[in-house]
Amino acid sequence: MQLHREREAFEKLGAQAVVIGHSSLRYAKAFVDETKIDLPVFVDEKRVVYQALEFKRPILAFLTPKVFKRAAAARKNGFTQQGVHGDAFQLGGVILQMPDGSMPYKYSSQFAGDHPKIEDLKEAVRKAVA
Amino acid sequence: MTDFLVKNLDGKEVSLASISKKKPTLFIFVRHFG
């Protein structure tokens, strides 16, 4: 996901971004070491939060042409997938949580490689902090 | 919203509420590390 490249843009809007994955600390640390990502990284080892937020886990999420199309686009932009650790069928998403605990924005990936548009996230932040 | 716990890279449990206590926070839940 290219969101980490937009860190400064979100900071200018008054928000921060963090990454949460669902495998183990070991893989999270390897991810940080390999990618040099400059966002805080956390782990939800048992996918408790993923499930609570009702992020999808469809077995057939990978059997759609969209997945291959998105994968090709990701490779073109310099992103490669080294392997999947944890639950291979678990999809992700993005939420915006405010300091008061409210959640004005939620995006649930519909298939592997499905991410919200960066502009949609920025707009959600703009509205939330207005 | 019910608060939830995740672990930082030191293995310490932290809540989503504590992470977003000071400023709006985009929590990006990835499908996989890598």
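Relevant structure appears above.
Notes on the structure follow. Just so we're clear, the structure is a prediction, and the values are computed from it rather than from any experiment.

**Brief notes about the overall build of chain B**
When helices and strands are tallied, chain B shows one helix and three strands. In sequence order, the secondary structure elements of chain B are arranged as β-β-α-β. Reported as C-alpha extents along the three principal axes, the dimensions of chain B are approximately 30 × 20 × 20 Å. Burial analysis of chain B (34 residues in total) assigns 38% to the buried set.

**Remarks on the interface of chain B and chain A**
Taken together, the contact pairs 26 residues of chain B with 52 residues of chain A. Where the side of chain B that touches chain A is concerned, the elements lending two or more residues are β1 (5–7), α1 (16–19) and β3 (25–29) of chain B. For the side of chain B that touches chain A, the class distribution of residues is 14 nonpolar, seven polar and five charged. Alignment of strand β3 (residues 93–97) of chain A against β3 of chain B, held across five bridges, turns out to be antiparallel. Looking at the pairing, V94 of chain A lines up with I28 of chain B of β3 of chain B.

**Considerations on the nonpolar core**
Formed by 33 residues in total, the largest nonpolar core has its most connected members in I20, V94 and V125 of chain A together with L26, F27, I28 and F29 of chain B. Elements supplying a minimum of two residues to this core: β1 (16–21), α2 (25–35), β2 (41–43), α3 (48–52), β3 and α5 (118–129) of chain A together with β3 of chain B. With four residues, the top contributor of residues to this core is β3 of chain B. The contacts of F27 of chain B, once residues within four sequence positions are left out, are V18, I20, V94, I95 and Q97 of chain A together with L16 of chain B.

**Brief notes about unusual backbone geometry**
Residues apart from glycine generally show negative phi values, whereas peptide bonds are mostly found in trans. All names here are of chain A. The backbone of R47 sits at a positive phi, close to 60°, despite the residue not being glycine. With respect to the helices, strands and loops of the structure, R47 is situated in the loop between β2 and α3. For R47, a count of 18 C-beta atoms within 10 Å puts it in the partly exposed group. For E54, which is not a glycine, the phi torsion comes out positive at approximately 60°.

**A few points about α2 of chain A**
One turn of an α-helix holds 3.6 residues; hence residues three or four places apart share an orientation. Residue and element names in this part refer to chain A. Looking at α2, one finds that the buried residues are Y27, A28 and F31. One side of α2 carries all its buried residues, which in axial view fall inside an arc of 105°. Seen from the open side of α2, the exposed residues pointing more than 90 degrees away from its buried face are R26 and D33. Count one or two residues on from α2 and you reach K36, which has phi positive near 55°.

Conventions and cut-offs
Residues numbered from 1 in each chain as written. Chains lettered and ligands numbered in written order. Predicted model: local features only at pLDDT ≥ 70, side-chain atom pairs only at ≥ 80, totals over all residues. Helix = DSSP H or I, 4+ residues; strand = E, 2+ residues; numbered from the N terminus. Buried ≥ 20, exposed ≤ 12 C-beta atoms within 10 Å, placed from the backbone. Contact = placed C-beta atoms within 7 Å. Nonpolar A, V, L, I, M, F, W, Y, C, P; charged D, E, K, R; others polar. Pairing = 2+ DSSP bridges. Core = buried A, V, L, I, M, F, W, Y, C linked by C-beta atoms within 7 Å. Arc of directions from axis to C-beta.

Read these as layout, nothing more, since geometry by itself doesn't imply function.
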